[in-house]
Amino acid sequence: MAYAITRNCCNDASCVSVCPVNCIHPTPEEPEFGSTDMLYIDPQACIDCGACADACPVDAVFPVDRLRGPDVVFGDLNRHWFRDHPNDHAWGAPSFPRSLPGGLGTLRIAVVGTGPSAGYTAQELLRCTSAEITMIDRLPVTGGLLRHGVAPDHQSTKRIAESFASVFHDPRLRMHLNLDVGTDVTHEELAAHHHAVVYAVGAAADRRLGVPGEDLPGSLPATSFVRWYNADPTAPADTVELSAERVVVVGNGNVAVDIARVLLTDPDRLAATDIADHALAALRGSRVREVVLLARRGPEQAAWTKPEFLALGRLPGVELVVEDHPEVRAAIEAAAPDSRAGLLVGLPLVRYDGGAEPGPGRRIVLRFLSAPVELTGEDGRVSGLTVERTTLTADGEPLRVVGERETLRAGLVVRSIGHRGVPLPGLPFDERSGTVAQRGGRVVDPATGRALPGVYVVGWAKRGPSGGIGANRACARETVDALLDDAVARLLPEPPSGRAEFERLVRRRRPDAVGLKELRAVDRAERERGAAQGRPRVKLATVAELLAAGRRR
């Protein structure tokens, strides 16, 4: 019986490298890698060895005959993908791990960030070089997106963090947390103590709607909402207020789907996760009964991945409906079974009045072809969102239908229309793309196009907010390859100061910087709190709490 990859797929291709018959695609060498919703196993070629299941860091691979209930569909998704993408599973040219020639000495490399892209970068460097690594994060804990971005009910996805545990504990790696590059230390000071600096800082800002009323209380970016329920110390406990019965989420990507799911999931189910205590308390007292996912385009252009959308339809006690509209109905009726619009076949099409109070029960409303034009308020807080109908042009772009407007009553509006990078002190920034100016991972001077010696970037700060956690693995390999090429060509500047001098600088600038011992103490404290409540961990939600736990080591 063949194996199948299910919705928890992280796309990091750990399974590809262990498959003896090359039946898992797309591989990192194939053009579609990083752009598909997940990886797929060809049931005709699979030899049922189970190597992929053993290698999967997020427990997403199962024998097809063990799939039950709503997971049965993943057997079909794996099979259907190869129907549309036939593959002879021929092996490509072999590739071998990089190594550095002798005589270069020991490289010292700083990695700014501790999220997935930083973890994959450090992992790659430690595997193929004898380099000494310095990892730096502005927060007192590691994890980045894994800790503060992945939804709490996706505990299996968070398991990929375990693959980085050996990286953080490697004796060649030193960790300095609660240290902000740009405030506590400068880029120039990092460069003065390291041969190379790799920035893995993500895309911390959100894109704006650009409409009146966007800054009213009750209007939030998705980044704030996600940080709030994930106990990010930068998100206060009172960030989100849930006294309204209807919430509108502008956008329909995976983050929007996560927010809708968390808002309407039974809090008793979330109580078994690592959700922030303050968020769990707010959800227990929540009045929210309806979440509207608003999209300017049609169902075929939806941004969610198929696995995430399928999970949305499994929420106990929550109805999933589609607002009826002639263009939407036509798109669903004409959709291919495996397309995004095809996923909506069979869902109720309902006439929707956003100006009325939500009906009884809990439901998620998918509303397509609607563009936000203004947020309105009462008593200084959001009370509604005015939307205008759109229609799609021949190339799938939304075009507003002037005059067809409606105001949806809502006490909370969350914009989930994408992330954006922020400028980093001392580095060139591409305002158009919202990324660090780079070429192949090398940071470049936009005016001359020349690479800045010893400065690199990886992850969303490099390629923009695209691709999930696993996509950072190939991204990190490209950046590390560029760094090693420069090392071999002796293009890396020789730093005048060493590791000991940098550690003294850190102690002088931030006496409360957190190292590995303190991080272990925090991890132990959170796990102990979780064990007492039958949860994986109970997160400490403020910098003060995290630092206090670290001191109790």
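What you are looking at is a predicted structure, and each value in this text was computed from that prediction instead of being measured.

Quick look at the packing of helix H4 (residues 116–128) against helix H16 (residues 471–488)
Part 1: Following both chains from N to C, one finds H4 and H16 inclined at 50°, their axes separated by 8 Å at the closest point. One way to sum up the angle between H4 and H16 is to call them oblique. As for the relative orientation of H4 and H16, their crossing is right-handed in sense. For the pair H4 and H16, contact is made by Pro116, Ser117, Tyr120, Thr121, Glu124, Leu125, Arg127 and Cys128 and by Asn472, Arg473, Ala476, Arg477, Val480 and Leu484, respectively.

Brief notes about unusual backbone geometry
Part 1: The omega angle of the peptide bond from histidine 25 to proline 26 is -5°, so this bond is cis rather than trans.
Part 2: The phi angle at aspartate 48 is positive, at roughly 60°, despite the residue not being glycine.
Part 3: With respect to the element layout, aspartate 48 can be found in the loop between strand E3 (40–41) and helix H2 (51–55).
Part 4: Given a relative accessible area of 36%, aspartate 48 falls into the partly exposed group.
Part 5: The backbone of aspartate 59 shows a phi angle near 55°, a positive value even though the residue is not glycine.

Considerations on the sheet that holds strand E17 (residues 381–392)
Part 1: Spatially, the three strands line up as an open sheet ordered E16-E17-E18, and their pairing is antiparallel. Sheet topology places strand E16 (370–378) and strand E18 (398–409) at the edges, where each strand pairs with a single neighbour. Averaged over all pairs of adjacent strands, the angle between their axes in this sheet comes to 20°, without regard to strand direction.
Part 2: Direction of pairing for E16 relative to E17: antiparallel, over a ladder of eight bridges. Residue pairing in the sheet places alanine 371 in a bridge with glutamate 388 of E17.

Parameters at a glance
- Residues numbered from 1 in each chain as written.
- Predicted model: local features only at pLDDT ≥ 70, side-chain atom pairs only at ≥ 80, totals over all residues.
- Heavy atoms only, no water.
- Axes fitted to C-alpha atoms, helices over the stretch in contact; angles between N-to-C directions.
- Helix = DSSP H or I, 4+ residues; strand = E, 2+ residues; numbered from the N terminus.
- Parallel < 35°, antiparallel > 145°, perpendicular 65-115°, else oblique.
- Left-handed = near helix turned anticlockwise from the far one by under 90°.
- Contact = heavy atoms within 4.5 Å.
- Buried < 20%, exposed > 50% of the residue type's maximum accessible area, 1.4 Å probe, protein only.
- Pairing = 2+ DSSP bridges.

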